[in-house]
Amino acid sequence: MAFDYGLRQIGVAVGNTNTQTSAALTVIPARDGIPDWAAIAALLNEWQADHLIVGLPLNMDDSESELSQRARKFGRRLEGRFSLPVSFVDERLSSAEAKALLKEQGHRGDYRARPADALAAQLILDTWLTEQSSLQ
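Residues numbered from 1 in each chain as written. Predicted model: local features only at pLDDT ≥ 70, side-chain atom pairs only at ≥ 80, totals over all residues. Heavy atoms only, no water.

Caption draft 1: Region of the structure containing the environment of Met60. As for its placement among the helices and strands, Met60 is situated in the loop between strand E5 (52–56) and helix H2 (66–82). Among the residues examined, Met60 registers a relative accessible area of 60% and is labelled exposed. Linking Met60 and Arg92, residues 32 residues apart in sequence, is a C-alpha distance of 7.3 Å. (Helix = DSSP H or I, 4+ residues; strand = E, 2+ residues; numbered from the N terminus. Buried < 20%, exposed > 50% of the residue type's maximum accessible area, 1.4 Å probe, protein only.)

Caption draft 2: Fine view of the packing of helix H1 (residues 37–47) against H2. Contact pair H1 / H2: the axes reach a minimum separation of 12 Å and the direction vectors enclose 60°. Here H1 is positioned oblique relative to H2, judged by the angle of their axes. Crossing of H1 against H2: the hand is right-handed. Here Trp37, Ile40, Ala41 and Leu44 of H1 lie close against H2, whose contacting residues are Phe74, Arg77, Leu78, Arg81 and Phe82. Taken together, the residues that form the contact of H1 with H2 break down as seven nonpolar, no polar and two charged. (Axes fitted to C-alpha atoms, helices over the stretch in contact; angles between N-to-C directions. Parallel < 35°, antiparallel > 145°, perpendicular 65-115°, else oblique. Left-handed = near helix turned anticlockwise from the far one by under 90°. Contact = heavy atoms within 4.5 Å. Nonpolar A, V, L, I, M, F, W, Y, C, P; charged D, E, K, R; others polar.)

Caption draft 3: Region of interest: the sheet that holds strand E4 (residues 34–35). The strand order E4-E3-E2-E1-E5-E6 describes an open sheet built from six strands, whose pairing is mixed. If you trace the sheet from one side to the other, it starts and ends with E4 and strand E6 (86–90), each paired once. Here two bridges tie strand E3 (residues 21–31) to E4, and the two strands are oriented antiparallel to one another. The residue bridging Arg31 from the neighbouring strand is Ile34, located in E4. Each of strand E1 (2–4), strand E2 (9–16), E3, E4 and E5 touches H1; the most contacted strand, E3, lies at about 160° to it. Docked against the sheet, H2 engages E1, E2, E4, E5 and E6, running at close to 170° with respect to E5. (Pairing = 2+ DSSP bridges.)

Caption draft 4: Fine view of a positive patch on the surface. Residues Lys73, Arg76, Arg77 and Arg81 make up a contiguous surface patch of positive charge. Arg81 sits in the exposed class, given a relative accessible area of 51%. (Patch = residues over 30% accessible without salt bridge, like charges linked within 9 Å, V, L, I, M, F, W, Y side chains within 5 Å. Areas by Shrake-Rupley, 256 points an atom, 1.4 Å probe, with all protein chains shown as cover. Salt bridge = Lys/Arg side-chain N within 4 Å of Asp/Glu carboxyl O. Lys, Arg positive; Asp, Glu negative; His and termini not counted. Charge placed at Lys NZ, Arg CZ, Asp CG, Glu CD.)

Caption draft 5: Quick peek at helix H4 (residues 117–135). Relative to the 27 Å expected for 19 residues at 1.5 Å per residue, H4 spans 27 Å between its end C-alpha atoms, a close match to the ideal helical length. Within H4, burial applies to Asp117, Ala118, Leu119, Ala120, Ala121, Gln122, Leu123, Ile124, Leu125, Trp128 and Leu129. (Expected span 1.5 Å × (residues − 1).)

Caption draft 6: Broad picture of the packing of aromatic side chains. Across all of its chains, the model carries four aromatic pairs by this definition. Centroid distance Trp37 to Phe82: 6.3 Å. Interplanar angle 45°. Geometry classified as tilted. Residue Trp37 is found in helix H1, and its partner Phe82 is found in helix H2; the two are separated by 45 residues along the sequence. Residue class for Trp37 comes out buried when judged on its relative accessible area of 13%. (Phe/Tyr/Trp six-rings, centres within 6.5 Å; stacked < 30°, edge-to-face > 60°.)

Written out as structure tokens, the structure is:
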């Protein structure tokens, strides 16, 4: 299961390492970066995730921003609360790519009503799946 961490909402996607497939799932509300932990627990229970992926929003020069540090903290909390391994994936431009893909599909640009975060989480997960398959 992958997460596109944000301060107001967190995109979620699921995937399978055997089939190398992924799907955008949902968006979980957050308040100043604090997620709805019960909603995350329910998704983990429903999907029986065994590994969690968190997008790491690095700057273009590879440095970390305040949001990067908050995403790392979110990942540590996921690991602590749910006792599952967490990996971080460079997610630079994943939100922009998600928005471009949605626009190609006819999205009108109202990302408050129809956020791109779940698709961004799927793109993050796809990156991780590709990295894992190249290691084998």
